[in-house]
Amino acid sequence: MSLTSTAQSTPRPLPVASKRRHFSRKLRESLFWYLLLSPSLIVIFGFSIVPMFWSIYYSFTRGGMLGDHPFVGFQNYIKAFQHPIFLQTLRNTFQYAILTVPIVIVLSLVVAIIIFQLPKFQGFFRGTVYFPLITPVVIAANIWAYIVNRDFGPLNAILKLVGITPIDWLGNPSWAIPAIVMMEIWRGFGFYVIIFFAALQSIPKEIYEAARIDGALGLRIIWSITIPLLRSALGFCFIMATIFNFQLFDAVYVLTRGGPAWKTSTVSWYVYLQAFESDNVGFASTMGVVLLLIILTLSLVQLRFFRSDIEY
Amino acid sequence: MSATFGGIRSRRDSMLWQALFYLIMIGISVATVVPFLFMASTSFTESFTMMTYPPTLIPKNPSFDNYYEIMFTFQDGLFGRWFFNTLFTTGMITVGGLFLNTLSGYIFAKKEFYGKDIIFSLILATLMVPGAVTLIPTFQIINMLGLFNTYWALIIPGLSSAFGIFMMRQFISSLPTELIEVSKIDGASELRIFWSIIIPLSTPAMAALGIFTVINTWNAFLWPLVVLRSNTMRTLVVGLATVQSEFNINYGLVMAGSVLTVLPMLILYILFQPYFVEGLRMGYGK
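Note that the coordinates shown come from a computational prediction; the quantities given were computed from them, not determined experimentally.

Looking only at helices and strands, chain B has 14 helices and zero strands in total. Scanning chain B from its N terminus toward the C terminus, one meets helices and strands in the order α-α-α-α-α-α-α-α-α-α-α-α-α-α. Per-residue burial over chain B gives 38% buried out of 286 residues.

The next subject is the overall build of chain A. A tally of regular secondary structure across chain A gives 13 helices and zero strands. Each helix and strand of chain A, placed in order from N terminus to C terminus, yields the pattern α-α-α-α-α-α-α-α-α-α-α-α-α. A globule of 312 residues ought to have a C-alpha radius of gyration of about 20 Å, yet chain A, at 26 Å, is considerably larger. Along the first, second and third principal axes, the C-alpha set of chain A runs to 85 × 70 × 35 Å. Expressed as a percentage of its 312 residues, the buried residues of chain A come to 39%. Looking at chain A alone, contacts between residues at least 24 apart form 70% of all its contacts between residues at least 6 apart.

On to unusual backbone geometry. Residues and elements named next belong to chain B. Phi at glutamine 75 is positive, roughly 45 degrees, even though this residue is not glycine. Inspection of the secondary structure assignment puts glutamine 75 in the loop between α2 (65-73) and α3 (78-110). For glutamine 75, a count of 15 C-beta atoms within 10 Å puts it in the partly exposed group. We note that asparagine 149 has phi near 65 degrees; this positive angle belongs to a residue other than glycine. Mapping asparagine 149 onto the fold places it in the loop between α5 (131-144) and α6 (151-158). On the neighbour-count criterion, asparagine 149 (14 C-beta atoms within 10 Å) is partly exposed.

Next up on the list: the domain arrangement of chain B. Domain parsing of chain B yields domain 1 (11-63) and domain 2 (70-284). Per-class residue counts for the side of domain 1 of chain B that touches domain 2 of chain B are three nonpolar, four polar and one charged.

With that out of the way, let us pick up the domain arrangement of chain A. Assigned domains of chain A: these are domain 1 (18-58) and domain 2 (76-306). Each of domain 1 of chain A and domain 2 of chain A has a C-alpha centre, and these two points are 36 Å apart.

Taking 1.5 Å per residue as the helical rise, helix α10 (residues 203-219) of chain B with its 17 residues ought to reach 24 Å, and the 24 Å between its terminal C-alpha atoms agrees with that figure. With 13 of 17 residues buried, α10(B) lies mostly within the body of the structure.

Bringing the environment of B:Ile211 into the picture now. All names here are of chain B. By the element assignment, isoleucine 211 lies in helix α10. When the C-alpha atoms of isoleucine 211 and proline 62 are compared, they prove to be 33 Å apart, with 149 residues separating the residues in sequence. With residues near it in sequence (within four places) discarded, isoleucine 211 still touches Leu268, Phe272, Tyr275, Phe276 and Gly279.

All right, on to the packing of α3(B) against α6(B) then. Residue and element names in this part refer to chain B. Contact pair α3 / α6: the axes reach a minimum separation of 9 Å and the direction vectors enclose 25 degrees. As summarised for this structure, α3 and α6 are arranged roughly parallel, according to the angle between their axes. Between α3 and α6 lies a crossing of right-handed hand. Together, Phe88, Thr89, Met92, Ile93 and Gly97 of α3 and Tyr151, Leu154, Ile155 and Gly158 of α6 make up the contact between the two elements. Per-class residue counts for the contact of α3 with α6 are six nonpolar, three polar and no charged.

This part covers the interface of chain B and chain A. Contacts between the two partners involve 80 residues from chain B, matched on the other side by 88 residues from chain A. For the side of chain B that touches chain A, the leading source of residues is helix α1 (residues 11-43) of chain B, giving 13 residues. Split by residue class, the side of chain B that touches chain A holds 55 nonpolar, 19 polar and six charged.

Our next topic: the confidence of the model for chain B. For chain B, the average pLDDT comes to 85, and 88% of its residues sit at 70 or higher. Two numbers describe this predicted complex: its pTM, 0.85, and its ipTM, 0.83.

Within the fold, A:Asp151 resides in the loop between α5 (137-147) and α6 (154-161). Along the primary structure A:Asp151 and A:Tyr130 are separated by 21 residues, whereas in three dimensions their C-alpha atoms are 30 Å apart.

Attention now moves to the environment of A:His22. All names here are of chain A. Tracing the chain through its elements places histidine 22 in helix α1 (residues 19-58). Overall, the presence of 12 C-beta atoms within 10 Å leaves histidine 22 in the exposed class. Residues histidine 22 and valine 148 lie 126 residues apart in sequence; the distance between their C-alpha atoms is 68 Å.

Before going further, it helps to examine the packing of α2(B) against helix α13 (residues 251-271) of chain B. All names here are of chain B. Where α2 meets α13, the closest approach of the two axes is 9 Å, and the angle between their N-to-C directions is 75 degrees. Between α2 and α13, the crossing angle belongs to the class labelled roughly perpendicular. Contact residues: α2 offers Asn66, Tyr67, Glu69 and Ile70, while α13 offers Gly252, Leu253, Ala256 and Gly257. Here the residues of the contact of α2 with α13 are counted per class, giving four nonpolar, three polar and one charged.

Residue and element names in this part refer to chain A. The share of residues in chain A with pLDDT of 70 or more is 92%, and the mean pLDDT across the chain is 85. Averaged over each element, pLDDT in chain A is lowest for helix α8 (residues 205-213) (76) and highest for helix α3 (residues 84-117) (94). In this model, residues 1-10 is a region of pLDDT below 50 whose contacts with residues beyond four sequence positions or in other chains number nine contacts.

What counts, and where the lines are drawn
Residues numbered from 1 in each chain as written. Chains lettered and ligands numbered in written order. Predicted model: local features only at pLDDT ≥ 70, side-chain atom pairs only at ≥ 80, totals over all residues. Helix = DSSP H or I, 4+ residues; strand = E, 2+ residues; numbered from the N terminus. Buried ≥ 20, exposed ≤ 12 C-beta atoms within 10 Å, placed from the backbone. Rg over C-alpha atoms; globule rule 2.2 N^0.38 Å. Contact = placed C-beta atoms within 7 Å. Domains from an automatic or database assignment. Nonpolar A, V, L, I, M, F, W, Y, C, P; charged D, E, K, R; others polar. Expected span 1.5 Å × (residues − 1). Axes fitted to C-alpha atoms, helices over the stretch in contact; angles between N-to-C directions. Parallel < 35°, antiparallel > 145°, perpendicular 65-115°, else oblique. Left-handed = near helix turned anticlockwise from the far one by under 90°. pLDDT = per-residue confidence, 0-100.

Below is the structure:
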């Protein structure tokens with residue numbers, strides 16, 4: 001190890017004679033690295049990328065899990081956009097996301113800022129708010145089913161104390177989505193708290209010092225310094241929250257199975273039903289691809305919107 | 001760290017604000033944790049006294065009956081089998097995944113080869129692909145390979161992940177390249193460098209990725225629901241979700257099973273909490 005300190009700083013001399021030798025060496029090395037990468041690449045290509053294109057192909061065909069898949073052109077897509085249940089699940093999916101994403105982001109941002117202010121127990125509070133995320137959605141949803149139960153659930157007991165008549169949360173079409181949204185917020189907001197907290201820690205203290213000398217006050221500092229500096233964290237959280245919430249499945253499975261009258265069904269849930277219970281693979285794939293296009297578009301738009309050139 | 005945002009006029013005001021902040025945080029923490037206390041409480045309650053009104057947090061006649069039943073008598077110890085299934089598949093995925101993701105992360109971080117950027121962007125792009133799209137073909141591939149209803153159906157697709165590779169690449173990029181160059185000159189082989197230099201230096205990131213993998217695999221639902229169909233092959237989460245409708249078993253029993261499912265993750269979480277926060281930060285890439 002001792003005589004190498006000079007060797008590393010001088011670039012290895014390239015044989016002047018041939019670019020070609022360099023090319024073939026790089027090719028050989030590339031093959032070696034691909035060999036080592038191959039297990040990972042086989043898994044990711046085999047179970048993500050290939051299935052994605054396969055699904056896109058299926059979306060133009062008709063058929064079940066087994067057997068032929070005759071090509072039908074855009075028929076499935078035309079059918080999808082005239083299909084009342086699919087359109088309902090699409091509306092529901094948007095409704096979940098529109099209700100959940102802004103609330104969860106604002107809530108977790110406020111909580112992260114509050115925890116950041118505390119002189120003590122920061123770690124404890126971060127640990128507590130993240131806790132629901134280590135539990136399976138299925139179990140969290142099971143607990144939630146009890147919390148919002150019409151007859152003996154604690155939520156209605158609390159509402160009764162303030163004089164509100166008990167609500168049949170999961171059985172009433174207009175309350176079922178809010179009940180699931182509340183669960184998603186409760187279970188998920190800790191994730192974004194941790195992200196925002198990490199971002200807050202990475203803002204240099206001098207920036208605040210400077211602002212204070214200039215006479216800026218608490219809320220104003222948060223609004224005009226902290227929030228703009230959190231732009232990339234905000235972008236990350238918005239995109240993650242959008243991707244997660246557009247794929248809602250587990251909670252629907254446990255809490256309502258899509259009912260009452262499809263009012264809580266999501267696209268993912270309906271794809272599952274069509275593929276594994278109605279054996280309608282072509283149409284299920286079409287709906288999946290529509291979901292993919294929506295998520296892709298929203299992610300790219302958000303990526304553009306939140307692109308940050310602030311370096312600190 | 002206190003009063004970082006400054007601007008609070010007097011000391012007395014600032015004390016009041018701090019007190020208010022603590023109150024808010026205690027309220028939020030209670031609201032976050034109380035539902036789980038209901039779960040624990042229900043699991044100790046005998047079924048006929050359970051659905052009482054108003055709801056209580058402390059059961060009147062606490063008993064371990066539900067635990068005894070779910071662990072030993074329910075369907076000839078089916079729960080134990082689920083526990084083993086979950087433990088085994090989670091273990092395999094975590095160990096295998098850590099190795100493969102670290103290896104691939106290292107190669108993407110430190111090596112130059114043809115097609116690197118394209119391949120890496122493709123891998124990252126899979127993060128945006130919803131499960132609903134890949135579900136059907138993935139299921140068919142597993143079927144074609146003859147792996148339906150086997151442990152391998154869970155293990156193989158979990159062995160590598162875009163998130164894992166990305167996280168390890170981020171971390172390994174920050175390690176000094178000189179270290180690798182030096183050992184290369186000393187004559188160490190590539191695999192030796194990976195094994196005795198990169199892996200030891202990457203342990204913090206690997207610990208974080210390991211915990212994420214354990215928790216995600218332990219809690220996974222949709223994929224195990226689809227590829228494991230017989231009762232004895234189910235994982236804990238799928239078993240608990242499907243058992244209620246199938247056997248019409250009582251709520252207390254399900255809650256006892258839920259507590260036993262969450263408990264290992266809770267212990268892990270408490271033990272590894274610092275890595276957790278660090279890991280999220282690394283994954284976010286800041």
